[in-house]
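# Commentary on secondary and tertiary structure
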Amino acid sequence: ETGVTQTPRHLVMGMTNKKSLKCEQHLGHNAMYWYKQSAKKPLELMFVYNFKEQTENNSVPSRFSPECPNSSHLFLHLHTLQPEDSALYLCASSPLTGSANYGYTFGSGTRLTVV
Amino acid sequence: DQQVKQNSPSLSVQEGRISILNCDYTNSMFDYFLWYKKYPAEGPTFLISISSIKDKNEDGRFTVFLNKSAKHLSLHIVPSQPGDSAVYFCAASGMKTSYDKVIFGPGTSLSVIP
């Protein structure tokens, strides 16, 4: 148990579908992150939330919409995705933003396939 | 343009021997470096880190070396064990680049052969 739980583990969706990825942490952390890992590419930072407020949007297309209702939960809402959006989406948390130096705690990820 | 590079996609090492994983970076503003380990179907796990004010950090079988002038760091695992077989990601961050923007390398897949 990593302390960061992501659901679902696998998701297949059509390009016209709307779906959501969920991330939950019970570590008492106040910063949460979405990362994307495409095949044979480095992890790419998508969004950063600190105390429920978005502090970073790394030029992510608007078809990805994050939501952070509280410090323990993070969502990534997906709509009208493209096949090239197929990837592993990882959620992470850390005690505070600026504390990433002490290491994130990652979830196991959601493997997304867009057909 | 990758700011953190891991030029070896894969590495095979005999059990009991030393594994050396290499990482190069281009941004001189980075002042903190981290290594993560990832098993299949799991998220990355933080392994060890080093600040730019140091040139070595050791934690059990794992040692990270930093050569700032060469913009190079390496992770040494000794002795290597079959359970060390995983993908290892090098990562970097810095005060001036924002500690929130941890930049990851593409990873090196390590296989430890029994």
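Scoring rules and cut-offs
- Residues numbered from 1 in each chain as written.
- Chains lettered and ligands numbered in written order.
- Predicted model: local features only at pLDDT ≥ 70, side-chain atom pairs only at ≥ 80, totals over all residues.
- Heavy atoms only, no water.
- Patch = residues over 30% accessible without salt bridge, like charges linked within 9 Å, V, L, I, M, F, W, Y side chains within 5 Å.
- Areas by Shrake-Rupley, 256 points an atom, 1.4 Å probe, with all protein chains shown as cover.
- Salt bridge = Lys/Arg side-chain N within 4 Å of Asp/Glu carboxyl O.
- Helix = DSSP H or I, 4+ residues; strand = E, 2+ residues; numbered from the N terminus.
- Buried < 20%, exposed > 50% of the residue type's maximum accessible area, 1.4 Å probe, protein only.
- Polar contact = N/O pair within 3.5 Å; in protein donor to acceptor, adjacent residues only side chain to side chain.

## Side note on a nonpolar patch on the surface
Side chains of I18, I20 and V78 of chain B sit close together on the surface and give an oily, nonpolar patch of about 220 Å² of accessible area. Tracing the backbone through its elements, the reader meets V78 of chain B in the loop between β8 (72-77) and β9 (86-93).

## Some thoughts on the side chain of S94 of chain A
Residues and elements named next belong to chain A. As for its placement among the helices and strands, S94 is situated in strand β9 (residues 87-94). We classify S94 as buried; its relative accessible area is 0%. Within polar-contact distance, the side chain of S94 engages the side chain of Y33 at 2.7 Å.

## Observations concerning the pattern of salt bridges
What the rule picks out here adds up to four salt bridges over all chains. For K22 of chain A, the salt bridge goes to E24 of chain A, with nearest N and O atoms at 3.9 Å. Residues R61 of chain B and D84 of chain B are paired through a salt bridge, measuring 2.8 Å at the closest nitrogen-oxygen approach. In this pair, R61 of chain B sits in the loop between β6 (56-59) and β7 (62-67) while D84 of chain B sits in the loop between β8 and β9, placing the two residues 23 residues apart along the sequence. The exposure class assigned to D84 of chain B is buried, which follows from its relative accessible area of 2%. Where salt bridges share partners, they join K37, R61 and D84 of chain B into one cluster.

Geometry only, nothing functional implied.
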